[in-house]
Structures are given as structure tokens and as C-alpha cells.
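Coordinate inspection notes
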Amino acid sequence: FFKGIRRLPSAHYLTLQEGKLEINCYWSIDQTRIIRYQRNEDYVEHFYEIFKRATQSRMRSSSPIVSFLSGGLDSSAVTSMAAKILVEKKLNSSHLCALNQFSDDPLSDERAYAREVAKQADIRLYEFFTHVQDPLKGLDEFLWKAEALFVSTSQDCEAYEFVRDKGLRVIL
């Protein structure tokens, strides 16, 4: 199905005019740019602002947003920032909820951490048990549904279906 389909490089766009195909770059990182601040706190503030803008740009939605919250550092930071943004905008916390996915493996069960983050953020937490033992089981079906080259697992597919069934449309 995907034979002959190619992916655009990051930060590029494609135009087709009068039968002529053109690929252009709209952004590239300046690898020579070095940021130097006087104080360590300035690096923290700079990162905070970038992180906040990145999170906020993914929250533009009139429908509720779900954050995949494992309980680890990355997802906890994203979920907490999203909740903080809602408070700053004086939006109801019901606009954001979180999904924690867990399995039978007690070594990977981080629900306690996810629960604490959700409690601190004052958001609803859905806990979703992953039934699939083989992470690649059902991958062919998922790729067919996605209609794109996308690396994922069948656990992700189950989670996406759970989110869809809850009426949620935007995932952080």
C-alpha cells in the first residue's frame, strides 16, 4: 500500500504548480548560534518559555485534550505545563485529562506517579489496562488504519481507540 510514497524532510513543504513539483525548506536550525547567559537562572527561564510555548501551541482546540501520562518525567512535565496554561487562561480543568496505560508488569507500573501528577494538576486521570502482551501484535492493522508510515505498537492502538471512545480528539 505504501509503495512509492515518500515522506517530506522535516521543516519542508511541497508545491505543485503547472505540473512542476517543488520541495522547499521553510526552516533550518542555525548550528553556529550559541546562546550565552550571565546567570544559570537565565537558561532555566529561557527553557521554561520555550517549553511553555511548545506545549501551548499543541493545545489549540475547542474540544477536550488528553495527555498521555506515564508518570515519568517527560509526560509529567507536559501534563503539568498544560494544566498550568489552562489555569493562566482561566479555563476549566475539565478541558484537560490524562491517560495512564499500564500492564501486568509490576516493574513498569507507574500509576502512583501518574495519580500524584493528576492530583496536583487537578485533572481527571483515566487508567487503561493494556491487554496486549506482544507490542508488535496488530501493527499491520494499525498501519493500515493510519494510512501513513508510522512507528507505533498495538498498545498505542488500544490507547488511541480508548481515547476515541471517550470522545477525546486532541492528544498531547
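Above this text sits the structure in question.
Below is a summary of the structure that appears in this document.

Each value, and the rule that gives it
Residues numbered from 1 in each chain as written. Predicted model: local features only at pLDDT ≥ 70, side-chain atom pairs only at ≥ 80, totals over all residues. Heavy atoms only, no water. Helix = DSSP H or I, 4+ residues; strand = E, 2+ residues; numbered from the N terminus. Buried < 20%, exposed > 50% of the residue type's maximum accessible area, 1.4 Å probe, protein only. Phe/Tyr/Trp six-rings, centres within 6.5 Å; stacked < 30°, edge-to-face > 60°. Lys NZ or Arg CZ within 6 Å of the ring centre and 35° of its normal. Core = buried A, V, L, I, M, F, W, Y, C linked by side-chain atoms within 4.5 Å. Contact = heavy atoms within 4.5 Å. Patch = residues over 30% accessible without salt bridge, like charges linked within 9 Å, V, L, I, M, F, W, Y side chains within 5 Å. Areas by Shrake-Rupley, 256 points an atom, 1.4 Å probe, with all protein chains shown as cover. Salt bridge = Lys/Arg side-chain N within 4 Å of Asp/Glu carboxyl O. Polar contact = N/O pair within 3.5 Å; in protein donor to acceptor, adjacent residues only side chain to side chain. Pairing = 2+ DSSP bridges.

With that settled, the discussion passes to unusual backbone geometry. Residues other than glycine seldom take positive phi values, yet A11 does so here, at roughly 60°. Position of A11 among the secondary structure elements: in the segment before β1 (12-17). Residue class for A11 comes out buried when judged on its relative accessible area of 17%. The backbone of K90 shows a phi angle near 60°, a positive value even though the residue is not glycine. Within the element layout of this structure, K90 appears in the loop between α2 (73-88) and β4 (96-102). For K90, a relative accessible area of 75% translates into the label exposed.

Tallied over the entire structure, the rule returns 6 aromatic pairs. With a centroid separation of 5.7 Å and 10° between ring planes, the pair formed by F47 and F51 is classed as stacked. One end of the pair is F47 and the other is F51, both in helix α1 (residues 40-57) and 4 residues apart, which spans about a single turn. Look at F47 and you get exposed, because its relative accessible area is 55%. Taking the centre distance of 5.8 Å and the plane angle of 25° together, the rings of F68 and Y160 count as stacked. Here Y160 lies in helix α5 (residues 154-165) and F68 lies in strand β3 (residues 65-68), a separation of 92 residues in the sequence. Residue Y160 is classed as partly exposed on the basis of its relative accessible area, which comes to 27%. Across from the ring centre of F102, 3.7 Å away, lies the NZ or CZ of R111, which sits over that ring.

Time to look at the nonpolar core. Core analysis: the biggest nonpolar cluster contains 16 residues, and M59, I65, L69, L96 and I123 have the highest contact counts within it. Each residue touching L96, except ones within four places of it in the same chain, is listed here: I65, S67, T79, A82, A83, L86, I123, R124 and L172. Counting 8 residues, the second-largest nonpolar core is a separate cluster that includes V66, C97, L99 and V163.

Here we come to the side chain of S75. Tracing the chain through its elements places S75 in helix α2. A relative accessible area of 13% places S75 in the buried class. Every residue in contact with S75, bar those within four places of it in the chain, is listed here: S67, F68, L69 and S70.

With that out of the way, let us pick up a nonpolar patch on the surface. On the surface, a cluster of nonpolar side chains totalling about 470 Å² of accessible area is made up of L8, L14, L16, L21 and I23. Breaking the nonpolar patch down by element, the ones donating at least two residues are β1 and β2 (20-25). For I23, the location among the structural elements is in strand β2.

In this fold, D30 is placed in the loop between β2 and α1. Of note is the side chain of D30, whose polar atom sits 2.5 Å from the side chain of T32.

Before going further, it helps to examine the sheet that holds strand β6 (residues 170-171). With parallel pairing, the 4 strands of this open sheet are ordered in space as β5-β4-β3-β6. Of all strands in the sheet, those with a lone pairing partner are β5 (124-129) and β6, marking the two edges. Summarising the sheet, β3 and β4 pair through 4 bridges and their orientation is parallel. Note on β4: the bridge partner recorded for I65 is L96.

Now for the pattern of salt bridges. Side-chain pairs of opposite charge can arise where the charged atoms are in close proximity. Following the criterion strictly, the structure yields 8 salt bridges and no others. Residue E41 pairs with R39 through a salt bridge whose shortest N-O separation is 3.8 Å. Overall, E41 belongs to the partly exposed group, its relative accessible area being 45%. Assessed through its relative accessible area of 41%, R39 is described here as partly exposed. Between K52 and E88 there is a salt bridge, and its shortest N-O distance comes to 2.6 Å. Here K52 is found in helix α1, whereas its partner E88 is found in helix α2, with 36 residues between them in sequence. Put simply, R39, E41, D42 and E45 are held in one network by salt bridges that share partners.

As far as function goes, none of this settles anything; it's purely spatial.
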